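The lines below spell out each chain.
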Amino acid sequence: MSAMKPFQLTYTAEVPSLLREALGEWGISKRTLASVKYGGGRILVNDAEVTVRHPLEKGDAVTVIFPNEDHGKGLAAEDGNLEIVYEDEALLIVEKPPLQNTIPSREHPFGSLANIVAKHFNDTGIPSTLHIATRLDRDTSGLVCIAKNRHIHHMISLQQQEKTMKRRYEALVHGRVDREEFTITASIGRKNTSIIEREVREDGQFAETEVRVLQRLEGYSHITLQLNTGRTHQIRVHLSHIGHPLVGDDLYGGKRNLLGRQALHCTELELTHPVSGDKLFFSSSLNRDMQSLL
């Protein structure tokens, strides 16, 4: 196991200002700042340690050294197959297979993606807890974005709120979807009679899903979806709501005669790199079980 080197970022002051204001401009939240101040991090200006009240001159080099994070006592690091699509000091993009939890649950306490990533973090000396920015249901396969630091997770969450991060899925649904392209806008909340199920309800959280038909098959439709919000079970609830539940999704009205899991795969992730500002695009082809259905 390699040594745990703290994560750090360096910025250059463009204009004279107070350090605290500049840090806010660079996207460092008050919560992250508190964790730096009280959790063992440091802030340097031109290699000298300072407080946030330090006045900056144009051209000053500001280095933020983030405190190492606790892995989380409840999360066991486990050996397992980890399909890495992309990795750098800030981000980890992986492929999640179907029938694997993103995080451990009471029914499935071991073998989750989180358990396997925890082992990868240990082996490569990443001093961070797990920040899974885009979770997938157990049945859903495809791309998952993991941040390697609390600050990076915050930056990705801002992109999700501002809808600049795009997530696209492919699905097989029951019935013939007649319209070529449309948007489902329907608020989602927890069902009163269940701790798991969600439903469309007026007092729920705003949720929006864009839908486009790729092909129509005998009794089924192959569609692509873009999530504009990230509610629990959003795609499943929205598709069930319009009368086209996912194939294999028996919780929301789908049948399992064709597939032993819900036919949903995260095919594309598009985001801005939280450090470099580069545009990143990742794509993933459907799992064999969905491909053979088509």
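Report follows, based on the coordinates. Fair warning: this is a prediction, and the values are worked out from it, not measured in the lab. (Residues numbered from 1 in each chain as written. Predicted model: local features only at pLDDT ≥ 70, side-chain atom pairs only at ≥ 80, totals over all residues. Heavy atoms only, no water.)

### Description of helix 4 (residues 150-161)
For helix 4, built from 12 residues, the straight-helix expectation of 16 Å at 1.5 Å per residue is met to within 8% by its first-to-last C-alpha distance of 16 Å. Within the span of helix 4, buried status applies to H151, I152, M155, I156 and Q159. Considered in projection along helix 4, the buried side chains sweep an arc of 140 degrees and stay on one side of the axis. Those residues of helix 4 hidden inside the fold are in contact with strand 1 (8-12), helix 2 (30-38), strand 8 (91-96), strand 10 (141-147) and strand 17 (264-272). With a side-chain oxygen lying 2.6 Å from the backbone nitrogen of H151, the N-terminal cap of helix 4 falls on N149. (Helix = DSSP H or I, 4+ residues; strand = E, 2+ residues; numbered from the N terminus. Expected span 1.5 Å × (residues − 1). Buried < 20%, exposed > 50% of the residue type's maximum accessible area, 1.4 Å probe, protein only. Arc of directions from axis to C-beta. Contact = heavy atoms within 4.5 Å. Polar contact = N/O pair within 3.5 Å; in protein donor to acceptor, adjacent residues only side chain to side chain.)

### Structural notes on the nonpolar core
One finds L23, I43, I223 and L225 to be the most contacted residues of the largest nonpolar core, which totals 65 residues. In terms of residues, this core owes the most to one element, helix 3 (residues 113-124), which gives 6 residues. Once you skip the residues sitting within four places of it in the chain, L23 turns out to touch I28, L33, I43, V52, V62 and V64. If you look at the next biggest cluster of nonpolar residues, it comprises 7 residues, including Y220, V247, L286 and M290. (Core = buried A, V, L, I, M, F, W, Y, C linked by side-chain atoms within 4.5 Å.)

### What to know about the pairing of strand 1
What you see with strand 1 is a clean split: L9 and Y11 sit on the buried side and Q8, T10 and T12 on the side with no burial. Across 5 bridges, strand 1 lies against strand 6 (residues 61-65) in antiparallel orientation. Directly across from T10, in strand 6, lies its bridge partner T63. (Pairing = 2+ DSSP bridges.)

### Structural notes on the pairing of strand 10
Of all 7 residues that make up strand 10, 7 are buried, and the element is covered over most of its length. As paired strands, strand 8 and strand 10 are joined by 6 bridges and run antiparallel to one another. Its bridge partner lying in strand 10, I93 is registered against C145. Here 2 bridges tie strand 9 (residues 131-132) to strand 10, and the two strands are oriented antiparallel to one another. Bridging from a neighbouring strand, I132 pairs with I146 of strand 10.

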